[in-house]
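# Architecture at a glance
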Amino acid sequence: MAEANGKKALITGITGQDGSYLAELLLSKGYEVHGINRRSSSFNTERIDHIYQDPHYDDTRLFLHYGDLCDANVLAKLIDQIRPDEVYNLGAQSHVRVSFDMPVYTAETVAMGALKLLEAIRDYRDKTGHEVRYYQASSSEMFGKVVETPQKETTPFHPRSPYSCAKVMAHWMTVNYRESYGMHASCGILFNHESPRRGETFVTRKITRAVGRIKMGLQSKVYLGNLDSKRDWGYAGDYVEMMWRMLQQDTPDDYVVATGRTISVREFADMAFEAAGLKFEDHVEFDERYLRPAEVDLLLGDASKAKAQLGWEPKTTVEELAGMMVESDLELAKREKTLKDAGHAMPSFTGHDQ
C-alpha cells in the first residue's frame, strides 16, 4: 500500500473507464482521491468496486461525492470542501454518435461543464491563494475533417459532431483560463483509448463483447457502421499516466497522446475475432443505422512532444489491446452462459449506438 503523499485529487467521471484507471494510479502514488458521481437509481460504480474489495485498500483515501457537471453550485461547494491540489476533468456525455441525438445535453456537460469547473477553481484560488492544477480531457475528435496527417498540437481543429464541437470549446476555455488568469491548466488531446472497462456501446468493446458471446454461442452476428474509418487506438491504462505527468510539470501545456499508428475498424474486428479463433467475415454485418451524419475518416496522432518533454510512450500495442479485451469478454460471456444455462439472466447486450 502506497504511503500518503499529502496531495488531494478530484476526478470528474471517476466511474468511467479513464476515471477508474486514473483513480488506481493516483492511489498507488499515495494521493487522497475524490470523485464526483452522478445520482442514479442504480449503482454505476462497477469500474471502481474492485478498489474497495482490495484487502490492501485504505478506505481513508477514496471518497465519492454526488454531483454533476451541469450544477455550478455543487462544483464550487466541492472545490471549497475538498481543497484539491489537482482536478482531472474526465466527465462528459462522451459518445460521439449519441451526441447527434443529444446535442444540447452533450454541450452542457462537455463544454459548459468544463467552464463551470474552471470558474469554481479560479474563484477558490482567488479566495484562498491555493493553486489547483487542472487537467482537461480534450479529444482527437476535435481534428475531425483533418487538414494534415499525423495530427499534432498545432493542427487546426475541424470538429464533425456536437461532441467534438463541445470539446473544442472546453479545450480553448482551458487555454484561455491559463493565459488570462495564470492558472496551471493543461489539455491532453487523447486519441482513441480502449480497455476491458470500455463501455459496451463503443465500437471496440462492442466488437470484443460480441466475439465473446459468439464464441459461447450466445449470438451469431454483430452489426457495425463504417468499417473503413481509421483510428489511432491505445490502452487507457497507459494514457492516464500521461494525464498525471502533465500536472507534475512546472509549466502547463497541451499534449497529443497517441500511439502513432492507425488501423481501420475492419482491421480491429479482424484481429479480435482471430484472437478467439473465429473468422471476421462469418459474423460481421454492415448496418447503415450506425453511420454518423458526418463521418471522421482518419485520425492519427503525433505524440513526439509528449515523448520529448515528458518522457511518455505507450506500452501496449493494438494487438495486445485487442487480445486483452477479447480475453476479458470471453470470461464475461462464459459467466453469462453459465447463468443462462442455470435459468438466470445477465443484463442484455444489444450493441447499439456504435
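The structure reproduced in this document is the subject of the present report. Every value quoted in this text rests on a predicted model; they were computed, and no experiment measured them.

Parameters and conventions
- Residues numbered from 1 in each chain as written.
- Predicted model: local features only at pLDDT ≥ 70, side-chain atom pairs only at ≥ 80, totals over all residues.
- Heavy atoms only, no water.
- Helix = DSSP H or I, 4+ residues; strand = E, 2+ residues; numbered from the N terminus.
- Contact = heavy atoms within 4.5 Å.
- Patch = residues over 30% accessible without salt bridge, like charges linked within 9 Å, V, L, I, M, F, W, Y side chains within 5 Å.
- Areas by Shrake-Rupley, 256 points an atom, 1.4 Å probe, with all protein chains shown as cover.
- Salt bridge = Lys/Arg side-chain N within 4 Å of Asp/Glu carboxyl O.
- Lys, Arg positive; Asp, Glu negative; His and termini not counted.
- Charge placed at Lys NZ, Arg CZ, Asp CG, Glu CD.
- Phe/Tyr/Trp six-rings, centres within 6.5 Å; stacked < 30°, edge-to-face > 60°.
- Buried < 20%, exposed > 50% of the residue type's maximum accessible area, 1.4 Å probe, protein only.
- Lys NZ or Arg CZ within 6 Å of the ring centre and 35° of its normal.
- Expected span 1.5 Å × (residues − 1).
- Pairing = 2+ DSSP bridges.
- Axes fitted to C-alpha atoms, helices over the stretch in contact; angles between N-to-C directions.
- Polar contact = N/O pair within 3.5 Å; in protein donor to acceptor, adjacent residues only side chain to side chain.
- Parallel < 35°, antiparallel > 145°, perpendicular 65-115°, else oblique.
- Left-handed = near helix turned anticlockwise from the far one by under 90°.
- Nonpolar A, V, L, I, M, F, W, Y, C, P; charged D, E, K, R; others polar.

## Quick notes on the side chain of Ser-264
Among the secondary structure elements, Ser-264 is positioned in strand β12 (residues 263-264). Excluding anything up to four places from it in sequence, Ser-264 contacts Leu-227, Asp-228, Ser-229, Lys-230 and Trp-233.

## Some points on a negative patch on the surface
On the surface, a cluster of negative charge is contributed by Glu-267, Asp-270, Glu-274, Glu-281 and Asp-282. Contributing elements (two or more residues each) for the negative patch: α9 (265-275) and α10 (280-283). A per-element tally of the negative patch places α9 first, with three residues. With respect to the helices and strands, Glu-267 occurs in helix α9.

## Concerning the packing of aromatic side chains
One pair of aromatic rings is described through two measures. These are the centre distance and the angle between the planes. Across all of its chains, the model carries eight aromatic pairs by this definition. On the numbers, 5.7 Å between centres and 75° between planes, the contact of Tyr-21 with Tyr-235 is edge-to-face. Of this pair, Tyr-21 sits in helix α1 (residues 17-28) while Tyr-235 sits in strand β10 (residues 234-235), and the two are 214 residues apart along the sequence. Overall, the relative accessible area of 9% leaves Tyr-21 in the buried class. For the ring pair Tyr-177 and Tyr-181, a centre distance of 5.0 Å and an interplane angle of 65° mean the geometry is edge-to-face. Residue Tyr-177 and its partner Tyr-181 are both found in helix α6 (residues 162-181); the two are separated by four residues, about one turn of the helix. On the basis of relative accessible area, Tyr-177 is assigned to the buried category, the value being 6%. Residue placement shows Lys-29 over the ring face of Trp-244; its charged tip is 4.0 Å from the ring centre. Across from the ring centre of Tyr-181, 4.1 Å away, lies the NZ or CZ of Arg-122, which sits over that ring.

## Looking at helix α8 (residues 236-247)
The end-to-end C-alpha separation of α8 is 18 Å, in line with the 16 Å expected for 12 residues at 1.5 Å each. Counting buried positions along α8 gives 11 out of 12 residues, so the element sits mostly inside the fold. All of the buried residues in α8 are Ala-236, Asp-238, Tyr-239, Val-240, Glu-241, Met-242, Met-243, Trp-244, Arg-245, Met-246 and Leu-247.

## Examining helix α7 (residues 203-215)
Count 3.6 residues to each turn of an α-helix, and residues three or four apart come out pointing the same way. Between its first and last C-alpha, α7 extends 18 Å over 13 residues, near the 18 Å set by a 1.5 Å rise per residue. By the burial criterion, the buried members of α7 are Val-203, Thr-204, Arg-205, Lys-206, Ile-207, Thr-208, Arg-209, Ala-210, Val-211, Gly-212, Arg-213 and Ile-214. Lining the buried residues of α7 we find β7 (193-194), β8 (222-224), α9, α10 and α12 (318-341). Where α7 terminates, the next one or two residues include Gly-217, which has phi positive at roughly 75°.

## Describing the sheet that holds strand β6 (residues 185-190)
If you trace the seven strands from one edge of the open sheet to the other, you get β3-β2-β1-β4-β5-β6-β11, paired in parallel fashion. The strands lining the two open edges of the sheet, one partner per strand, are β3 (62-66) and β11 (254-257). On average, each strand axis in the sheet is inclined to that of its neighbour by 20°, with strand direction left out of account. Here four bridges tie strand β1 (residues 8-12) to strand β4 (residues 86-89), and the two strands are oriented parallel to one another. Bridge pairing links Leu-10 to Val-87 in β4. Here α1 sits on the sheet and contacts β1, β2 (32-37), β3, β4 and β6; the angle it forms with β1, its principal contact strand, is near 170°. Seen against the sheet, α6 touches β5 (133-139), β6 and β11 and runs at an angle of roughly 150° to β5.

## A look at the side chain of His-184
Mapped onto the elements of the fold, His-184 is located in the loop between α6 and β6. At 2.7 Å, the side chain of His-184 forms a polar contact with the backbone oxygen of Gln-249. With sequence-adjacent residues up to four places away left out, His-184 is seen in contact with Glu-131, Val-132, Arg-133, Tyr-134, Met-246, Leu-247, Gln-249, Asp-250, Thr-251 and Pro-252.

## Observations regarding the pattern of salt bridges
Oppositely charged side chains can pair when the atoms bearing their charge come close. In this structure the tally under the stated criterion is 29 salt bridges. Notably, a salt bridge pairs Arg-198 with Glu-194, separated by 2.8 Å at the nearest N-O pair. Looking at Glu-194, the relative accessible area reads 2%, which means it is buried. A salt bridge links Arg-245 to Glu-241; the nearest nitrogen and oxygen atoms lie 2.5 Å apart. Of the two residues, Arg-245 and Glu-241 both sit in helix α8, four residues apart, roughly one turn of that helix. Each member of the pair, Arg-245 as well as Glu-241, is classed as buried. Each of the salt bridges in this network shares a partner with another, and the network as a whole consists of Glu-200, Arg-205, Arg-209, Arg-213, Asp-329 and Glu-336.

## Regarding the packing of helix α3 (residues 72-82) against helix α5 (residues 103-128)
Put simply, α3 and α5 touch, their axes get as near as 9 Å, and they point 40° apart. The pairing of α3 with α5 is recorded here as oblique in orientation. Crossing handedness for the pair α3 and α5: right-handed. Side by side, α3 and α5 meet where Ala-72, Leu-75, Ala-76, Ile-79 and Asp-80 of the first sit next to Gly-113, Lys-116, Leu-117, Ala-120, Ile-121, Tyr-124 and Lys-127 of the second. Residue composition of the contact of α3 with α5, by class: eight nonpolar, one polar and three charged.

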